[in-house]
Amino acid sequence: MRVIANMNVCQGHARCEDLCPEVFSTDAIEGKVVIEQPEFPPELEEKVRMAVRNCPEGALRIAKGTGV
Amino acid sequence: MSFYPQSPVHIPSELVLDFDFFDVPADVSDPVQIWHGLVRRGAPPIFYTPRNGGHWVFLRYSDIAEAYRNHEIFSTHKAQIPPLEPYPVLQPNGVDPPQHDVFRKILAPMFTPLAVRRMTDGLQHRAEGLVSGFAAKSGCDFVKEYAAKFPTGTFLELFGLPEERLPEFLRISDTFFRSTDPDIRAANLLEIFEVLEALFREKERNPGSDIASTVVQSRDADGNPFPWTDIINCGFLLFVAGLDTVTNTMAYVWRYLATSPDARQKFRDRLDDPSAFLLAIEELMRINAVSNIYRRVTHDCEFKGVQFRRNDRVVLPNTVANRDQSVFKEPQTIDLDRKVNNHVTFGLGPHRCIGSHLAKREIMISLQEWLRQIPEFELDPDQDAESVFGGPVMGFTSLKLRW
Ligand code: SF4
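Residues numbered from 1 in each chain as written. Chains lettered and ligands numbered in written order. Predicted model: local features only at pLDDT ≥ 70, side-chain atom pairs only at ≥ 80, totals over all residues. Heavy atoms only, no water.

### A few points about the overall build of chain A
No. 1: A tally of regular secondary structure across chain A gives two helices and four strands.
No. 2: The order of α-helices and β-strands along chain A, N terminus first, is β-α-β-β-α-β.
No. 3: Radius of gyration (C-alpha) of chain A: 11 Å, near the 11 Å computed for a compact globule of 68 residues.
No. 4: Taking the principal axes of the C-alpha coordinates as reference, chain A spans close to 30 × 20 × 20 Å.
No. 5: Long-range pairs, those at least 24 residues apart, make up 60% of the contacts in chain A with a sequence separation of at least 6.
No. 6: As displayed, chain A offers around 3,400 Å² of accessible surface, 52% of which is attributable to carbon and sulfur atoms.
No. 7: Considering chain A, the positive charge centre built from 8 side chains and the negative charge centre built from 11 side chains are found 8 Å apart. (Helix = DSSP H or I, 4+ residues; strand = E, 2+ residues; numbered from the N terminus. Rg over C-alpha atoms; globule rule 2.2 N^0.38 Å. Contact = heavy atoms within 4.5 Å. Areas by Shrake-Rupley, 256 points an atom, 1.4 Å probe, with all protein chains shown as cover. Lys, Arg positive; Asp, Glu negative; His and termini not counted. Charge placed at Lys NZ, Arg CZ, Asp CG, Glu CD.)

### What to know about the pattern of salt bridges
No. 1: Evaluation of the coordinates by the stated rule reveals 32 salt bridges over all chains.
No. 2: A salt bridge links E17 of chain A to R117 of chain B, with the nearest nitrogen and oxygen atoms 3.3 Å apart. Of this pair, E17 of chain A sits in helix α1 (residues 15–19) while R117 of chain B sits in helix α4 (residues 113–118), placing the two residues on different chains.
No. 3: Overall, R117 of chain B belongs to the partly exposed group, its relative accessible area being 40%.
No. 4: In this structure, the salt-bridge partner of R60 of chain B is D63 of chain B, at a minimum N-O distance of 3.6 Å. (Salt bridge = Lys/Arg side-chain N within 4 Å of Asp/Glu carboxyl O. Buried < 20%, exposed > 50% of the residue type's maximum accessible area, 1.4 Å probe, protein only.)

### A look at the environment of L156 of chain B
Residues and elements named next belong to chain B.
No. 1: Considering the arrangement of structural elements, one finds L156 in helix α7 (residues 149–158).
No. 2: Expressed as a C-alpha distance, the spacing of L156 and F169, which sit 13 residues apart in the sequence, is 8.5 Å.
No. 3: Non-local contacts of L156, meaning those with residues more than four positions away in its chain, are made with L161, P162, E163, R165, L166 and F169.

### Notes on the packing of helix α5 (residues 120–134) of chain B against α7 of chain B
Residue and element names in this part refer to chain B.
No. 1: Their axes nearest at 10 Å, the elements α5 and α7 cross at an angle of 140°. Judged by the angle between their axes, α5 and α7 are oblique. At the point where α5 passes α7, the crossing takes the right-handed sense. Taken together, the residues of α7 that come into contact with α5 (itself represented by G122, L123, R126, A127 and L130) are K149, F150, G153, T154 and E157.
No. 2: Looking at the contact of α5 with α7 residue by residue, the class counts come to four nonpolar, three polar and three charged. (Axes fitted to C-alpha atoms, helices over the stretch in contact; angles between N-to-C directions. Parallel < 35°, antiparallel > 145°, perpendicular 65-115°, else oblique. Left-handed = near helix turned anticlockwise from the far one by under 90°. Nonpolar A, V, L, I, M, F, W, Y, C, P; charged D, E, K, R; others polar.)

### A closer look at the interface of chain A and chain B
Where the parts come together, the accessible area they lose is often given as the size of the interface.
No. 1: Counting residues at the interface gives 20 residues for chain A and 23 residues for chain B.
No. 2: For the pair chain A and chain B, the interface holds three salt bridges.
No. 3: Ionic pairing is found between E57 of chain A and R69 of chain B, a salt bridge with its closest N-O pair at 2.8 Å.
No. 4: Its residues placed into classes, the side of chain A that touches chain B shows seven nonpolar, six polar and seven charged.

Right under this line is the structure:
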């Protein structure tokens, strides 16, 4: 599974980074999301889902498979 | 008979309510309740009040979220309530994209999670010093002795100003946020701008690594300095935005903890688990949203079936959005383990509070340090009368705790 961010929508709340730092961080210039591990391992699925659900802007999405 | 202003004719009478959000009735001990009282009374989700120059109030999470994101209708430019002219155009928050992005980009790197993590030692040191100043006593006025001093001290540090100026800044901010006398307010505004002027001039001559120096040294796309007024107004924004909001959020948080032994215990249990601590702080951010945000309508239009006129003012009460049951499970319950928590305490969209990471860290470190030194505390039964206030930021002028 793969997680994708809509960078036009992300406003840098960093909730994703707080909830799942293994997969998400934020950059040093604008503080927007950086996806460190787009194809995350299954043991992180629950944490990634929580990050997706807690993004106040709805910027994150999980896609099945490895494509876009 | 009390004076009751008329509402404009384009507004149907069923959407008009008499509501003054600056006024907290004597029997209300928590200003947040004036907003939740509206919801309980069944106020329309979008209504108009003729008070304070006349303005709209949104009560649904979804409408508030949409308004935050739609700056084409709901502008931040000159949105004061009651309307105030002239009022400085705060940079960047008083302008909309794309102009908004210019100063936002200057400030952003200084407020990212990464930048805020680097401030941790300074915040920790400040919290430790303040708490140890009264921990050995049996109580304190939390607002005066901690919640007002902590963010103001942080502001001085970020602006490269010496700690000795704390009393002066406490005085000017107290007048700015609390005085209702028009003459005192006008003189205070002049004083703030004089202080900022002197500060930025000094940083221009002797730049350091602080925020004021960075702002004054920034250049536009052509390599030219920014207009001096914009620089000063950016300093003013940081002054206005970072002091009272943090102070009052802290007052709410400590007021709650003083009355909830369970919550104190839960936080004490998490002192060595920063992510669990942060999750619980997030819930306190949701339930204690102190800001009621202003917007101004840019053109005559219809939104959600309601007719708006150009220059109509709108209030977006974050506390109401944060307890909307269509978004939050059992919204009135404080659940320190709440899993899904899309609160709007820091706003949404392009104007989202840039200081949110700093604010959260200030509160988190303060709470950790407090609980280490003062693990148990409660409300002093002898509270000052009339210490609550409403308005754009709600809170308490005093909160006495004892232990
Ligand atoms: S939580 Fe959402 S808005 Fe915030 S940084 Fe992550 S993706 Fe961006």
